[in-house]
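Tertiary structure, described
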Amino acid sequence: MQEKTKKIIIEDYESVQAYERVFGVEMPKVGPDGTVTGLPAPYPRVVNGVERSGYRIAELGRQAAKTGIPVQNPILGRNSAEETYRESLEMYKIAEELGISLFQFVHSEATRHIDPLKGAELIEQSRGKGGITPNGEREFIQLGGGVKHPLRINATGDTPHLSIINALIAGFDGTDIGPVIHVHFGGRGIHDYKTKVTNGYKALQICADNNIFVQTDSHKHLNNIGGTDGMALAMCLLAEGLAVHAGLPRALSGIQMNVGGINLLADLAVMRAFKQVMWSEFLIVVPETFQNPPADLIAEQAHFARMAVSAKLGGANFYRPKAAENVGIPTGASMAKAIWATQNVFTNVASYEINDPAIDQRKDEIINEAMAVLTAAFGLNKQLKPEEIDPEFWLKYSDEELIDIIVAAGKSGILDAPRAGGWDLKRGVKTHRDKDGIRRYIPGYSPVGVPAEKLSFTKENVKVDAKATVTQKEKILLATVGADAHVVGINTIREAFEQAGYEVIYLRGMNLPETVAEVAAEAKVDVIGVSNLLGLGTTLFPRVEQRLNELGIRDKVVLMAGGRIAEKEEEHAMFEAKINNEGTGFLGVDGFFGPGTNPEDAIKWVQEKVSGKGEK
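Here the residue index of a chain counts from 1 through its sequence in written order. Note on the predicted model: pLDDT of at least 70 is required for a residue's local features to be given, and 80 or more for side-chain atom pairs to be given and counted; whole-chain, interface and lining totals, by contrast, use all residues. The side-chain quantities take in all heavy atoms of the structure and omit both hydrogens and water.

Along its length, the chain carries 21 helices and 19 strands. Seen through its C-alpha atoms, the chain measures out along the principal axes to roughly 70 × 55 × 55 Å. The classification of residues rests on relative accessible area computed with a 1.4 Å probe and restricted to protein chains. Under 20% of the type maximum is buried, over 50% is exposed, and intermediate values are partly exposed. Sorting the 616 residues of the chain into buried and exposed places 59% on the buried side. Contact criterion: two residues are considered in contact whenever any of their non-hydrogen atoms come within 4.5 Å of each other. A separation of at least 24 residues holds for 75% of the contacts in the chain among residues at least 6 apart in sequence. Computed with a 1.4 Å probe, the accessible areas rest on the Shrake-Rupley method; for each residue, only the protein chains presented here act as cover. Surface exposure of the chain reaches about 23800 Å², of which carbon and sulfur atoms provide 50%. By the counting rule applied here, Lys and Arg register as positive and Asp and Glu as negative, while His and the ends of each chain are not counted. Throughout, a charge is located at the NZ atom of Lys, the CZ atom of Arg, the CG atom of Asp or the CD atom of Glu. A distance of 1 Å separates the average location of the 67 positive side-chain charges in the chain from that of its 79 negative side-chain charges. Helix numbering and strand numbering both begin at the N terminus, where a helix is a DSSP run of H or I of at least 4 residues and a strand a DSSP run of E of at least 2.

A pairing counts as a salt bridge when a side-chain nitrogen of Lys or Arg comes within 4 Å of a carboxyl oxygen of Asp or Glu. A full pass over the atoms with the stated rule returns 26 salt bridges. Put simply, K202 and D12 hold a salt bridge, and the shortest N to O gap is 3.0 Å. Here D12 lies in the loop between α1 (3–11) and α2 (13–23) and K202 lies in helix α8 (residues 193–210), a separation of 190 residues in the sequence. There is no split in this pair, since K202 and D12 are both buried. A salt bridge links K556 to D555; the nearest nitrogen and oxygen atoms lie 3.9 Å apart. The exposure class assigned to K556 is exposed, which follows from its relative accessible area of 53%. One salt-bridge network, in which partners are shared between bridges, spans R419, R494, E495 and E498.

Considering the arrangement of structural elements, one finds Y506 in strand β16 (residues 503–506). With relative accessibility at 22%, the residue Y506 sits in the partly exposed group. Taking the C-alpha atoms as reference, Y506 lies 23 Å from T195; in sequence the two are 311 residues apart. With residues up to four places along the chain from it excluded, the contact list for Y506 reads L478, V487, I490, N491 and R494.

So, about empty space enclosed by the protein. A pocket here means an open set of points on a 1 Å grid, computed over the protein atoms alone, that has protein on both sides within 12 Å along at least five of seven lines. A cavity is instead a set of points where a 1.4 Å probe fits but cannot get out; residues with an atom within 4 Å of a point line either one. Grid points are joined across faces, edges and corners, and a volume is the space filled by probe spheres set on the points. Inspection of every chain in the model, using the stated rule, returns 2 cavities of 30 Å³ or more. Here the largest cavity defines a volume of roughly 50 Å³. Considering the residues around the largest cavity, the lining is formed by 13 residues, among which H182, M235, L415, A420 and L425 are closest to the centre. By volume, the second largest cavity amounts to about 30 Å³. What lines the second largest cavity is H107, S108, E109, A110, R112, H113, N154 and T156. Any residue outside Ala, Val, Leu, Ile, Met, Phe, Trp, Tyr, Cys, Pro, Asp, Glu, Lys and Arg is labelled polar, Gly included; the first ten of those are nonpolar and the last four are charged. Tallied by class, the residues present in the lining of the second largest cavity amount to 1 nonpolar, 5 polar and 2 charged.

Here we take up the pairing of strand β9 (residues 213–218). Most of β9 is tucked away: 6 of the 6 residues are buried. We treat two strands as partners when DSSP finds at least two bridges between them. Where strand β8 (residues 174–176) and β9 come together, 3 bridges link them in parallel fashion. Directly across from T175, in β9, lies its bridge partner V214. Bridge analysis of β9 against strand β10 (residues 253–259) gives 4 bridges, and the strand direction is parallel. Of the residues in β10, the one forming a bridge with S218 is Q256.

Right, let's get into the side chain of T84. Within the secondary structure, T84 sits in helix α4 (residues 81–98). Leaving out residues up to four positions away in the same chain, T84 has contacts with L76, G77, R78, N79, V106, I132 and F140.

With that settled, consider helix α14 (residues 357–378). To estimate the expected span of a helix, subtract one from its residue number and multiply by 1.5 Å. In a regular helix each residue adds 1.5 Å, so 22 residues correspond to 32 Å; α14 covers 32 Å between its end C-alpha atoms and thus fits that length. By the criterion applied in these results, polar contacts are pairs of N or O atoms within 3.5 Å in which, for protein atoms, one can donate a hydrogen and the other can accept it, and in which residues neighboring in sequence qualify only through two side-chain atoms. At the N-terminal end of α14, a side-chain oxygen is found 2.8 Å from the backbone nitrogen of A358, two or three residues along, and the residue is D356. Where α14 ends, the next residue or the one after it, G379, has phi of about 65°, a positive value.

Now for the sheet that holds strand β19 (residues 591–593). Pairing is parallel in the open sheet, where 5 strands are placed in the order β16-β15-β17-β18-β19. At either margin of the open sheet sits one strand with a lone partner, and together these are β16 and β19. Between one strand and the next, the sheet's axes are offset by a mean angle of 20°, whatever the strand orientation. Two elements, strand β15 (residues 475–480) and strand β17 (residues 527–532), share 5 bridges in a ladder whose sense is parallel. For L478, the partnering residue across the bridge sits in β17 and is G529. Relative to the sheet, helix α18 (residues 513–523) contacts β15, β16 and β17, its axis offset from that of β15 by approximately 165°. Throughout, an axis means a line fitted to C-alpha atoms (over the contacting stretch in the case of helices), and angles, computed between N-to-C directions, take values from 0 to 180 degrees.

Bringing the packing of aromatic side chains into the picture now. Centre distance within 6.5 Å is the pairing criterion for rings of Phe, Tyr and Trp, where only the six-membered ring of Trp is used; planes under 30 degrees apart are then read as stacked, over 60 as edge-to-face, and the remainder as tilted. Per the stated rule, a full pass over the model turns up 17 aromatic pairs. With a centroid separation of 6.1 Å and an interplanar angle of 70°, the aromatic rings of Y85 and F140 are classed as edge-to-face. A residue pair is termed long-range when its members are at least 10 positions apart, and Y85 in helix α4 and F140 in helix α6 (residues 134–143) qualify at 55 residues. Taking relative accessible area as the criterion, Y85 reaches 21% and is therefore assigned partly exposed.

Judged by how many residues are buried, β10 sits mostly within the fold: 7 of 7 residues are covered. Residues S253, I255, M257 and V259 of β10 are buried on one face, and the alternating residues G254, Q256 and N258, pointing to the opposite face, are buried as well. Pairing of β10 with strand β11 (residues 282–287), which is carried by 6 bridges, proceeds in the parallel orientation. Bridged to I255 within β11 is L283. Once the chain exits β10 it traverses helix α11 (residues 264–277) before rejoining the sheet at β11, and the crossover so formed is right-handed. Classification remark: right-handed applies to a crossover when, strands pointing away from the viewer, the course from the first strand over the helix to the second runs clockwise.

Our next topic: the sheet that holds β9. The 8 strands are arranged β5-β12-β11-β10-β9-β8-β7-β6 in an open sheet whose pairing can be described as parallel. Of all strands in the sheet, those bounded by a partner on one side alone are β5 (71–72) and β6 (104–106). Strands β9 and β10 of the sheet are contacted by helix α10 (residues 229–246), whose axis makes an angle of about 145° with β9. Against the sheet, α11 touches β10 and β11, its axis set at about 165° to β10.

Okay, the nonpolar core next. The nonpolar core is taken to be a set of buried Ala, Val, Leu, Ile, Met, Phe, Trp, Tyr and Cys residues, with the residues joined through side-chain atoms within 4.5 Å. Core analysis: the biggest nonpolar cluster contains 115 residues, and I181, L242, F378 and L415 have the highest contact counts within it. Sort the elements by how many residues they give to this core and α10 lands first, with 13 residues. In this structure L415 touches I181, Y193, M231, M235, L238, V373, I406, A409 and G410, once residues within four positions along its chain are discounted. Counting 26 residues, the second largest nonpolar core, distinct from the first, contains V530, L534, L536 and I565.

Honestly, it's all geometry; don't read function into it.
Structure below.
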């Protein structure tokens, strides 16, 4: 019993001890004779008076398949157990009124992305943001979390297997370890690609050992970094191959995917493509958020309603309702409104099967690309067929062989997305989102080794800017600070400054503020840009300025910041008013650019600031 889990604990015991030390929770112990103690029994197991098991979630998913109404999977995890439970009660209340069961996704603290053995200092500097702490998970269950509505916790990052051990101890029924195959965030905390995939496999083994429901991988995250639907399907299938090797029952496996709401036929096509080929029993659908949210929240909720229609008509098992995205972590009350609105859509949209040649054509395009990518990854002479991708296919390879195949494909550019974050992954593809809402490859920039005739290319006139030469004399340093894995925004700013002719030094994600200042001093930069989307800017940004002062160079650089000042919905208005009334001095920066910023405005601002410093 739990032999794989015990083996992993013994192999990674130094990291298990670091997790206990850094996060302040008691973890299993390994005795001198190699005996593991302190590991609770696998599910089903009674925790706080409730029998917990991943199969509680499977039952809800099967109920959705029968009724045609997806089970809602709202996300709500705040910075303490008490606050998370208090806010969750608002959701539970509306669920009771609607007579529905929820599958709650409790968002975990952002520091969980980082290996506690190698990133203790960064974790300590970024505590208490992004969601619930490891100890908070345990307290949340004891307060009553998951009594009626089963729970999953996100365990993405460098060491998801350690977070899942904590979730098992706490009493969570499920977890989210995707993305396993594609690295969707970049930064200091991320290992080489092989370690990332290997630790994802360990996480799957622990889930299989203990009957934990798993969101195995995510089409959504690959979409977020500019990947295509076909590439996402291929990567999710590879993650499922690891799940098969881990011994995970398909009843405990779900795949997450995005719907965009702007092209119903395209949404239905991608859902049907996944359902036709995937091994997992359940589909978890997530609405795609606006990249630049409108100021009118009613308009944004209408956008989410369109995606709820897609989820229902596409036969999703689970659907994540969304509160407005131009705020931070939602309150329980705003998430309750989103739950009510989503259920209203589900119950008042007629259940029809829509048949259209465009759906079938797009579905076939997605599957053909996925099969071509897998064929190239495995070095096969004949293209794989969807019916060949079954457990027997994966089990032809040993665990280590499958991991090596995945890693080699990532490093060679077969598995590719424009903004993949792994430091050792080859990136060469470029994609374009066409007017029909579908992301396709730009001719000349497709995945390495995948036949072009198996791929979809844009027919729109897309200009690919040549790599700009450096024409500006000023040098710019960009970095995220704190345990923040969000790099899409700062990448957008980086690309804009590079195209404007600036030399940009990019430290990617997850940096200590002092490190940014010290690199700036060493590189003799003129402008520093730092970002944090977790609401940590009020504490982290001033530390960049403090270190610059200590180094004697604060008056020699322009310091700007971006991201989200407030993490929580109810704090935003206060900080917006403070910036409007007092300026950005309290942040220790010369200027602040939040979500929705036009990069050209940031460039113009920098040019004016640098010119002003030159005059002085």
